[in-house]
Number of protein chains: 2
Amino acid sequence: MYSLGMDIGGTNSVFGIVSEDGRIVKSGSVKTKAYNDFLDYVEAVCDGIRPLVEEVGGFANIGSFGIGAPNGNFYNGTIELAPNLPWKGILPLAQAFRERLGVPVAVTNDANAAAVGEMTYGAARGMRHFIEITLGTGVGSGIIIDGKLVYGHDGFAGELGHVVVERGGRSCGCGNKGCLETYCSATGVARTAKERLETSKEDSLLRAITDRPIESRDVYDAAVKGDRIALEIFEYTGRILGEALANFVAFSAPEAIVLFGGLTKAGDYIMNPVRRAMEDNINVLWRGKVKLLISQLKEADAAVLGAAAVGQSTCRS
Amino acid sequence: MYSLGMDIGGTNSVFGIVSEDGRIVKSGSVKTKAYNDFLDYVEAVCDGIRPLVEEVGGFANIGSFGIGAPNGNFYNGTIELAPNLPWKGILPLAQAFRERLGVPVAVTNDANAAAVGEMTYGAARGMRHFIEITLGTGVGSGIIIDGKLVYGHDGFAGELGHVVVERGGRSCGCGNKGCLETYCSATGVARTAKERLETSKEDSLLRAITDRPIESRDVYDAAVKGDRIALEIFEYTGRILGEALANFVAFSAPEAIVLFGGLTKAGDYIMNPVRRAMEDNINVLWRGKVKLLISQLKEADAAVLGAAAVGQSTCRS
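Q: Help me understand the relation of the copies chain A and chain B, please; the structure alone is not making it clear to me.
A: A rotation about an axis combined with a shift along that same axis relates the two copies of the chain. Between chain A and chain B, the superposition needs a rotation of 180° and an axial shift of 0.0 Å, giving an RMSD of 0.0 Å. Taken together, the rotation and translation relating the two chain copies correspond to the operation of a two-fold axis. Of the interface residues in chain A, 100% have counterparts in chain B that sit at the interface too, so the contact is made through matching surfaces.

As structure tokens, this is what we get:
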């Protein structure tokens, strides 16, 4: 038996057929933004999926279809008010695919999918309690308690990127100020870099980048070369993230926190300050006891594998 | 069938026999601090409980014994390193009572017990997702997800009184700085009062209290009379609590937050600023959607009822 998984991103929608041992055996994609009409998009995805399914023996061999999507709602099987997708309002995603493909469909958001992927195939195998934090363009989270994703009353639980960490701090896309995401996402790091360069006169390799905006990746490249401002940027980012993680632990007392996504590629430059701030701020009950791990999912596959795993765990239980 | 419930406080340990419809039909207590030896204490409690049980037909009619205790650990049935009890180290509470009384015993902390009591008999009846915040000498919490208490990996989940809300803020008994508890407990309110009076010259009814430390209750009495400093103290306390609650919502997306304990007696003086700060800081996904409620448990009975309810839900499932 195989599972289908799909990750809907603002640019691409990537789908794949996943084997029981967690390999993506067939995959494809469509351009999300190429379809102004939601149902045209659904048809295009189905047209992409059907030939792949034929290659593994048809839909009789497909047990479930899991989809990770921005603002994906597990309870309703919908995408609700996603700011970075072409379609507005509340979209009946699960229903649309179930009707066309005849398989059970589960929908969740991308960070939740990553958490289930981590538990099924990654660094959190065998864990019953952990928190996955995705550090990408934004900051997302998937919270696992007793081996299950926390969805909450309305299906939207686990929006830890929008915990306010600085009263009256940076403006966030969500309309609030001071959200974790405005500091600890890749865009947050770039924002910190811009601020630091503007408010200091200190020399930095980053000042050589004048033809385009500085990116999180540039800060890493400069840090590797010992650039002091770059190192300070990671210290600052890591401190804010570590302090937030210490507070998250007081909520669900996880065995581990798993960090996923681009920012973790900065390795010790970011992980050391995160770990230090987390331990400095964590309640004594948990000091030295909560593992801080980097995801073991391959970033290119994680979203599809995670979505497929959500489909499996939901539709077969 | 009846249940036993007990609340172990630093001063008194109150126990009771609870009927299936949630009434305490028999009750008693012992002085917690009168017993330097833990097993002497256990014997004294058993001596208090046995005659009550006889009056309802003996232990054949008792289904479970639930105990709420400071630092009570559900998984281990222990009290672990409780700072305000006479006995040190890790105490095998469940085992000690199970051996002597022959009934199944469940242990949890007092705030968790309050949450289960709220779900069973109080303002959260019928809810599957809510957070109980206890505002007493300290600040505690019990988190209910999918109708179950969150215990986490080690049994200590839900220590929201020790979330850090002010970087480098007030010193907390736990060793950290800036914990929610240092601002929003009854002692936190008294601390705010002391600070405000010291740093301002403004007239206040609170200045008349010179023969003893100001208490949270005094601030309420002054607020009722329109005292500006007292009103500001509640504004300040409520703002910090409301901001924290907004962050908690991003974690578990509860249907409601239920506030329990002394501070809620200040009514609108505290609830209005809490509600305002919560709504101002909550993510747009939940704005106007999460109920902020005051506990419907009678404070005198809540701890025993809640503990009994934890015993019931654990030992009979």
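Q: Could you clarify how one ought to interpret the side chain of S185(A) in this entry?
A: Residue and element names in this part refer to chain A. Tracing the backbone through its elements, the reader meets S185 in the loop between α4 (181-184) and α5 (186-199). The buried category is assigned to S185, whose relative accessible area is 1%. Separated by 3.4 Å, the side chain of S185 and the backbone oxygen of T137 make a polar contact. From its side chain, S185 meets the backbone oxygen of E181 in a polar contact 2.7 Å long. Setting aside anything within four residues of it in sequence, one finds S185 in contact with G136, T137, G138 and V139.

Q: It is not clear to me how the pairing of strand β13 (residues 291-294) of chain A should be interpreted in this structure. Could you clarify?
A: Both faces of the sheet carry side chains from a regular strand, because those side chains alternate between them. All names here are of chain A. Bridge count between strand β12 (residues 256-260) and β13: 4 bridges; the pairing is parallel. Across the sheet, the residue bridging to I257 is L292, located in β13. Regarding topology, helix α8 (residues 268-281) serves as the crossover connection from β12 to the parallel β13, and that connection is right-handed.

Q: Any chance you could explain the packing of aromatic side chains here in plain terms?
A: Within a pair of aromatic rings, the relevant descriptors are the distance that separates the centres and the angle that separates the planes. In the structure shown here, the tally under the stated rule is 25 aromatic pairs over all chains. Aromatic pair Y183(B) and Y236(B): ring centres 6.4 Å apart, planes at 65°, arrangement edge-to-face. One end of the pair, Y183(B), is in helix α4 (residues 181-184); the other, Y236(B), is in helix α7 (residues 228-252), with 53 residues separating them in the sequence. The class for Y183(B) is buried, based on a relative accessible area of 4%. Connected via pairs of aromatic rings, a cluster forms that spans Y35(A), F38(A), Y41(A) and W87(A). Note that R196(A) overlies the ring of Y236(A), its terminal NZ or CZ placed 5.0 Å from the centroid.

The rules behind each value
- Residues numbered from 1 in each chain as written.
- Chains lettered and ligands numbered in written order.
- Predicted model: local features only at pLDDT ≥ 70, side-chain atom pairs only at ≥ 80, totals over all residues.
- Heavy atoms only, no water.
- Least-squares fit on C-alpha atoms with pLDDT ≥ 70 in both.
- Contact = heavy atoms within 4.5 Å.
- Helix = DSSP H or I, 4+ residues; strand = E, 2+ residues; numbered from the N terminus.
- Buried < 20%, exposed > 50% of the residue type's maximum accessible area, 1.4 Å probe, protein only.
- Polar contact = N/O pair within 3.5 Å; in protein donor to acceptor, adjacent residues only side chain to side chain.
- Pairing = 2+ DSSP bridges.
- Right-handed = clockwise from strand over helix to strand, strands pointing away.
- Phe/Tyr/Trp six-rings, centres within 6.5 Å; stacked < 30°, edge-to-face > 60°.
- Lys NZ or Arg CZ within 6 Å of the ring centre and 35° of its normal.

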